[in-house]
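Here are the chains, one letter per residue:
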Amino acid sequence: MGSVEKMDPELNGDDFRESPLGVRKMHTFEHIGSMAAATQSHGPIRARSRLLMSIYIVIFKAKINILLPFGPLALLLHYLTQNHGWVFFFSLVGITPIAERLGYATEQLAFYTGPTVGGLLNATFGNATEMIISIYALRNGMIRVVQQSLLGSILSNMLLVLGCAFFCGGIMHSEKDQVFNKATAVVNSGLLLMAVMGLTFPAVLHFTHSEIHYGKSEVSLSRFSSCIMLVAYASYLFFQLKTRHHTYSPIDEEETQNDNVPDQEDVPEITLWESIAWLAVLTAWVSVLSGYLVDAIQGASEALSMPVAFISVILLPIVGNAAEHASAIMFAMKDKLDISLGVAIGSSTQISMFLIPFCVVIGWIMGERMDLNFQLFETATLFITVLVVAFMLQEGTANYFKGLMLILCYLIVAASFFVHIDPAINDD
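Remember, it's a predicted structure, so these values are computed and weren't measured experimentally.

**Focus: the pattern of salt bridges**
Alright, step 1. Per the counting criterion, the structure on display carries 5 salt bridges.
Alright, step 2. In this structure, glutamate 269 engages lysine 61 in a salt bridge whose closest nitrogen and oxygen atoms are separated by 3.1 Å. Taken together, the residues span a long stretch of sequence, with glutamate 269 in the loop between helix 10 (250–257) and helix 11 (272–295) and lysine 61 in the loop between helix 3 (20–60) and helix 4 (70–80) at a distance of 208 residues.
Alright, step 3. Judged by relative accessible area, glutamate 269 falls into the partly exposed class, the value being 31%.
Alright, step 4. Between glutamate 378 and arginine 144 there is a salt bridge, with the nearest N and O atoms lying 2.9 Å from each other. Placement of glutamate 378 in helix 16 (residues 376–393) and of arginine 144 in helix 7 (residues 143–172) is noted, with a sequence separation of 234 residues between them.
Alright, step 5. The class of arginine 144 is buried, set by a relative accessible area of 15%.

**Structural notes on the packing of helix 7 against helix 16**
Alright, step 1. Packing of helix 7 against helix 16 brings their axes to within 11 Å, and their N-to-C directions diverge by 20 degrees. Considered as vectors, helix 7 and helix 16 are oriented roughly parallel to each other. Crossing angle aside, the handedness with which helix 7 passes helix 16 is left-handed. Two secondary-structure elements touch here, helix 7 through Arg144, Gln148, Leu151, Ile154, Leu155, Met158, Leu159, Leu162 and Phe166 and helix 16 through Glu378, Thr381, Leu382, Thr385, Val386, Val389 and Leu393.
Alright, step 2. Partitioned by chemical class, the residues of the contact of helix 7 with helix 16 number 11 nonpolar, 3 polar and 2 charged.

Conventions adopted
- Residues numbered from 1 in each chain as written.
- Predicted model: local features only at pLDDT ≥ 70, side-chain atom pairs only at ≥ 80, totals over all residues.
- Heavy atoms only, no water.
- Salt bridge = Lys/Arg side-chain N within 4 Å of Asp/Glu carboxyl O.
- Helix = DSSP H or I, 4+ residues; strand = E, 2+ residues; numbered from the N terminus.
- Buried < 20%, exposed > 50% of the residue type's maximum accessible area, 1.4 Å probe, protein only.
- Axes fitted to C-alpha atoms, helices over the stretch in contact; angles between N-to-C directions.
- Parallel < 35°, antiparallel > 145°, perpendicular 65-115°, else oblique.
- Left-handed = near helix turned anticlockwise from the far one by under 90°.
- Contact = heavy atoms within 4.5 Å.
- Nonpolar A, V, L, I, M, F, W, Y, C, P; charged D, E, K, R; others polar.

Take a look at the structure:
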């Protein structure tokens, strides 16, 4: 120690570089300088490579994105041919991968926001495609298309998506009955029954001609009921994410049961700001395609010789829920049935208790007479569907036979709407 202190003042520049201490310091300075120079020179390169990696992950990695070119083709067909049938078909197919990528970007953003805000994001963007299509249709005064497409999304999720999940999961695990969290299913069934009640009373009020002010009372009742349903759904989110987070969090339970199994999806693939940017870009593209899709519905109905009710209730939801179909089936085959229920029944709850009342409020702001009177045929269909699904879920078990029954029920519903004439059109 003493020799070092004595050596330092006597060393000149050359002696300092030749000493062991000087050599170490010079190497350190050269290393830091080279790192700074590399950072300055490679900063734009790293940003460019990160951008390309993000584009690859979001656009090219998913196999469903092979359908992305259908969107631009729909725009070209709209301006070149004016063939509403083809414009409708290409727009419908082009929206499918965008809807799936919207869900992916929301999941990535939820990694950075925590479970509470992530749950709210899923509630908002989980059905963003249906919301955007509904707002465009409302702006064009197509209230029946809004009502029927939202009803079709509920029916598709509860019967077709859940039925396919039960059936495929039951085939893969035919030696046993699959088990899911019955408490979560009961709560969602209760909310769905509340939604049925909210839709039933305006329809009954209209068809029994017992309104105080004909044509106005059902709209006022619908707006009041919509506000109540929104409050109920907000309370449900608070109850699920805060008060009873551990009791009503089936995904967390699945993860704790499989702690020894590494899960690659637990790590975010894109950054926070990339997730936000992709959400904005994908939402804008869905908005563009939705405009062309809504404009082509009436022409597609005439070109394809299909009722508008069948297109709105069956075709729109099947394509819009294609990504949910795939994820629900995949989780059911992995024996993670709670997640499949969250996808199917949870999405139905979002639409019935949040999206439908939200559209009524938006129509109120726009000056449109959007109400909860979905007509008797549609309301009866929803009521019977909720009852059937509630009975299927009451035991807390699933097998392929239950799934097959739900799929067959959906086929009956689809055939019914194929031969159904919308009375609202005749009334107008």
